[in-house]
Amino acid sequence: VLSGTINGEVKLWNKSGRLVRDFPGHKKSIIEVAFSPKGNYVISKSDDVTILYTIDGDSLWSTPTTYNYARYSFIVAGNSPATDVFEQYDRPIFSPDEKWVLTSASDSTALAFNILNQQQKLIPSTQKQNLHFSPNGKTLLSQEGDQILLFDQELELVSQFQSPERRGKTLF
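Here the structure is a predicted model, which means the values were calculated and not measured. Along each chain, the written sequence defines residue order, and numbers are assigned to residues from 1. Local features in a predicted model are, by the rule used here, given only for residues with pLDDT of at least 70; side-chain atom pairs are given and counted only at 80 or more, and totals for whole chains, interfaces and linings are based on all residues. The basis for the side-chain values is all heavy atoms of the structure; hydrogens and waters are excluded.

## Some words on the overall build of the chain
Part 1 of the argument: What counts as a helix is a DSSP run of H or I of at least four residues, what counts as a strand is a run of E of at least two, and both are numbered from the N terminus. Looking only at helices and strands, the chain features 0 helices and 17 strands.
Part 2 of the argument: Throughout, exposure labels follow a simple rule: accessible area from a 1.4 Å probe, protein chains only, divided by the maximum for the residue type, with under 20% read as buried, over 50% as exposed, and the rest as partly exposed. Burial status across the chain gives 42% buried among its 172 residues.
Part 3 of the argument: When checking whether two residues touch, look at their non-hydrogen atoms; a contact exists if any pair is within 4.5 Å. Taking contacts inside the chain between residues at least 6 apart in sequence as the whole, the part at least 24 apart equals 32%.

Okay, here's the thing in structure tokens:
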């Protein structure tokens, strides 16, 4: 069981309720916690920072977060000066193969972090609620209205087309 508290604590518990591990680094209220599909990674998002950890508690990636008019600004760590604004309840998603973790921005992009080589990139996106990896992790679908974008395993755009359906969601 993974939990996040209003005190900025992220904790892993076993099924008996015994504490297994703390995931340090937050000072403000936790908004979101999630396991990767195979359980090798944990991501936590708070009012102050979003952190990607190994299941053993080692921090792999961190982006400072500041509250700004009901949105969270993610300041990309490292050499990139880019700043991307993310909606408050945008949930990070992992690719099924655990190679990528990404979250979409309100400016029609998504910030993707490659866990294996620790590189990040911005990819064109559409609606933040409609980003989906295929079950085998080889394709990312992004859709808003009738616009559908398909990306390959390296998150390079391979296809863009219009769907005859203007409403609803498209899934693999």
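## Examining the sheet that holds strand β1 (residues 2-4)
Strands belonging to one sheet form pairs held by backbone hydrogen bonds; the direction of such a pair is parallel or antiparallel.
Part 1 of the argument: With antiparallel pairing, 3 strands are arranged side by side in an open sheet as β1-β2-β3. Across the chains shown, the open sheet's two edge strands, defined by having one partner strand only, are β1 and β3 (19-22). On average, each strand axis in the sheet is inclined to that of its neighbour by 25°, with strand direction left out of account. By the convention used here, strands pair only if DSSP detects at least 2 bridges between them. What counts as an axis is a line fitted to C-alpha atoms, over the stretch in contact for a helix, and the angles between N-to-C directions run from 0 to 180 degrees.

## Here's the deal with the nonpolar core
Inside soluble globular proteins, nonpolar side chains tend to come together where they are buried.
Part 1 of the argument: Counting 11 residues, the largest nonpolar core consists of W100, L102, A110, A112, I123, L131, F133, L140, L149, F151 and L155.
Part 2 of the argument: Secondary structure elements with two or more residues in this core: β11 (100-104), β12 (109-114), β14 (131-133) and β16 (147-151).
Part 3 of the argument: Listed in part, the 10 residues of the second largest apolar core include Y41, W61, V101 and F113. Residues belong to one nonpolar core when they are buried, are Ala, Val, Leu, Ile, Met, Phe, Trp, Tyr or Cys, and are joined through side-chain atoms within 4.5 Å.

## Focus: the packing of aromatic side chains
Part 1 of the argument: When the centres of two rings from Phe, Tyr and Trp lie within 6.5 Å, Trp using its six-membered ring, the rings pair. Their planes under 30 degrees apart give stacked, over 60 give edge-to-face, and anything left gives tilted. Going through the model one piece at a time under the given rule, you end up with 2 aromatic pairs.
Part 2 of the argument: Pairing F23 with Y53 gives two aromatic rings, centres 4.9 Å apart and planes at 55°, and the pair type is tilted. With F23 in the loop between β3 and β4 (30-35) and Y53 in strand β6 (residues 49-54), this residue pair connects regions lying 30 residues apart in the sequence.
Part 3 of the argument: Relative to F113, the ring of W61 has its centre 4.5 Å away and its plane inclined at 10°; by these criteria the two rings are stacked. Of the two residues, W61 sits in strand β7 (residues 59-68) while F113 sits in strand β12, which places them 52 residues apart along the sequence. In this pair, the class of W61 matches that of F113, namely buried.

## Things to note about the side chain of N114
Part 1 of the argument: Relative to the helices and strands, N114 resides in strand β12.
Part 2 of the argument: Reaching out from N114, the side chain makes a polar contact with the backbone nitrogen of L116 at a distance of 2.9 Å.
Part 3 of the argument: When sequence neighbours within four positions are dropped, the list of residues in contact with N114 reads K99, W100 and Q119. Pairing of N or O atoms within 3.5 Å defines a polar contact, subject to two protein rules: one partner must be a possible hydrogen donor and the other a possible acceptor, and residues neighboring in sequence count only if both atoms are side-chain atoms.

## Let's talk about the pairing of strand β17 (residues 157-162)
Within a regular beta strand, the side chains point alternately toward one face of the sheet and then the other, so they alternate between its two faces.
Part 1 of the argument: Burial analysis of β17 places just 0 of its 6 residues in the buried class, a small minority of the element.
Part 2 of the argument: Bridge count between β16 and β17: 5 bridges; the pairing is antiparallel. Residue pairing for β17: I148 is matched across the bridge by F161.
Part 3 of the argument: What sits between β16 and β17 in their antiparallel hairpin is a turn of 5 residues, with L155 showing a positive phi close to 60°.

## What to know about the confidence of the model for the chain
Low-pLDDT stretches of the model should not have their predicted coordinates read in fine detail.
Part 1 of the argument: Residue-level confidence of the predictor is summarised by pLDDT, bounded by 0 at the bottom and 100 at the top. Of the residues in the chain, 70% have a pLDDT of 70 or more, and the chain-wide mean is 77.
Part 2 of the argument: Predicted confidence for residues 66-89 stays below pLDDT 50, and this span has 60 contacts to residues more than four positions away or in other chains.

## A short note on unusual backbone geometry
Part 1 of the argument: For E98, which is not glycine, the phi dihedral falls at a positive 65°.
Part 2 of the argument: Position of E98 among the secondary structure elements: in the loop between β10 (93-94) and β11.
Part 3 of the argument: Residue classification places E98 among the buried positions, given a relative accessible area of 4%.
Part 4 of the argument: The phi dihedral of L155 is positive, around 60°, even though this residue is not glycine.
Part 5 of the argument: Tracing the backbone shows L155 in the loop between β16 and β17.

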